[in-house]
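Chain and residue survey
As a plain string of letters, each chain reads:
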Amino acid sequence: MTRVAYVNGRFVPFNEAGVHIEDRGYQFADGVYEVIAFANSRLIDLAGHMIRLERSLGELRIRRPLPPRSLELVMAEMIRRNRLSSGILYLQVTRGVARRDQAFPPQATPPALVMTVRTVHGPSDVMIAEGVSVVTVPDQRWKRVDIKSIALLPNVLAKQEARAKRAFEAWMIDGMGNVTEGSSTNAWIVTKAGELITRNATNAILNGITRLAILSLAGEAGLDLTERPFSQVEATDAAEAFLTSTTSWVLPVVKIDGNRIGDGRPGPVSRRLRAAYADAIRAQIERHARRA
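In this report, the structure presented in the accompanying data block is examined. All of these numbers come straight from a predicted model, not from anything done at the bench.

Comments concerning the nonpolar core
- Within the largest apolar cluster, 24 residues are counted, with the highest numbers of intra-cluster contacts made by Leu43, Leu71, Met75, Leu89, Leu91 and Met115.
- Mapped onto this core, the elements with two or more residues apiece are β3 (31-39), α2 (46-60), α3 (68-82), β5 (87-94) and β6 (112-118).
- In contact with Leu89, not counting residues within four places along its chain, are Glu34, Val35, Ile36, Phe38, Leu43, Met75, Met78, Met115, Thr116 and Val117.

Okay, here's the thing in structure tokens:
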């Protein structure tokens, strides 16, 4: 089957897809993106992703490429044309094509919109059952990581550091010794007193859509939940740790920089929240099916 991409208003064969050499995303990383999971051909947590996309565009003063409903129809058509029932959809909007100049181009310049979809292999059953390890790296990113910008070079270097050390993820440490987040995930711990902690959503982290879902589920479960910075030392001394993301859902962390967390096995809070999120996704799919 031939893969299909979407490039600036056209569905094209994936191998023929391309953008102009003066696209500002290519030359300046002047753009934003979203990664949205889908199952049973239905996009998961779509409303949250659309809200965050709108916010990112607004913060960078990039024009909306399509009205929201039209954008949703294009995303659905991408899934249909690629004949996939589950996977991820990548959506990117840049400021468009213009003569290379750091200042914004004239307001009439249309934004550029591209999309791809593909299957994705989430964490293995072994990773879910036994947990994964993370390493820590200095957080060297710019000060507006709350915007889902395509300027991801520090994240790339952090992820590569994790791969080089045979870890699943890298958690970034700020100048105060606190964990901000992972290179592509949000970070969580459970203290020995049972307090569930994740960093509060400021300019220092990307407010993950799965993060928001888990916050809601934790509240519904009556867990002792706090949004605040936590230190690398506090993380190492925690009873549990886990990470969240669109593709990993809730994934237990059992080692940080080689130090065992708790008893070295996935804890009850992470297992409970993963199960609750799986139930929430199934409920979304069932609601979509009833409307169809």
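A closer look at a nonpolar patch on the surface
- A grouping of Leu153, Val156 and Leu157 is seen on the molecular surface, where their side chains present a nonpolar patch of about 310 Å² in accessible area.
- On the secondary structure map, Leu153 appears in helix α5 (residues 153-164).

So, the layout of surface pockets
- Size it by volume and the largest pocket reaches roughly 1300 Å³.
- Within the residue set of the lining of the largest pocket, elements represented by two or more residues are β3, α2, β5, β6, α5, β9 (178-182), α6 (209-220) and β14 (240-245).
- If one sorts the elements of the lining of the largest pocket by residue count, α5 sits on top with 5 residues.
- Residues that form the lining of the largest pocket fall into these classes: 18 nonpolar, 19 polar and 8 charged.

So, the packing of α6 against helix α8 (residues 268-291)
- Running from N to C, α6 and α8 cross one another at 105°; their axes reach a closest spacing of 10 Å. Compared by their axis directions, α6 and α8 come out roughly perpendicular. Between α6, through Thr210, Ala213, Ile214, Leu217 and Ala218, and α8, the contact on the second element is made entirely by Leu273, Ala276 and Tyr277.

So, unusual backbone geometry
- Look at Arg83: it is not a glycine, yet its phi comes out positive at around 55°.
- Relative to the helices and strands, Arg83 is located in the loop between α3 and β5.
- Take Arg83: its relative accessible area is 68%, and that puts it in the exposed class.
- The residue Trp249 is not glycine, and still its phi comes out positive at about 60°.
- Tracing the backbone shows Trp249 in strand β15 (residues 249-256).

Basis of the calculations
- Residues numbered from 1 in each chain as written.
- Predicted model: local features only at pLDDT ≥ 70, side-chain atom pairs only at ≥ 80, totals over all residues.
- Heavy atoms only, no water.
- Core = buried A, V, L, I, M, F, W, Y, C linked by side-chain atoms within 4.5 Å.
- Buried < 20%, exposed > 50% of the residue type's maximum accessible area, 1.4 Å probe, protein only.
- Helix = DSSP H or I, 4+ residues; strand = E, 2+ residues; numbered from the N terminus.
- Contact = heavy atoms within 4.5 Å.
- Patch = residues over 30% accessible without salt bridge, like charges linked within 9 Å, V, L, I, M, F, W, Y side chains within 5 Å.
- Areas by Shrake-Rupley, 256 points an atom, 1.4 Å probe, with all protein chains shown as cover.
- Salt bridge = Lys/Arg side-chain N within 4 Å of Asp/Glu carboxyl O.
- 1 Å grid on protein atoms, 1.4 Å probe; cavity = no way out; pocket = protein on both sides within 12 Å on 5 of 7 lines; lining within 4 Å.
- Points joined across faces, edges and corners; volume = space filled by probe spheres on them.
- Nonpolar A, V, L, I, M, F, W, Y, C, P; charged D, E, K, R; others polar.
- Axes fitted to C-alpha atoms, helices over the stretch in contact; angles between N-to-C directions.
- Parallel < 35°, antiparallel > 145°, perpendicular 65-115°, else oblique.

Spatial relationships are all this shows, so hold off on functional conclusions.
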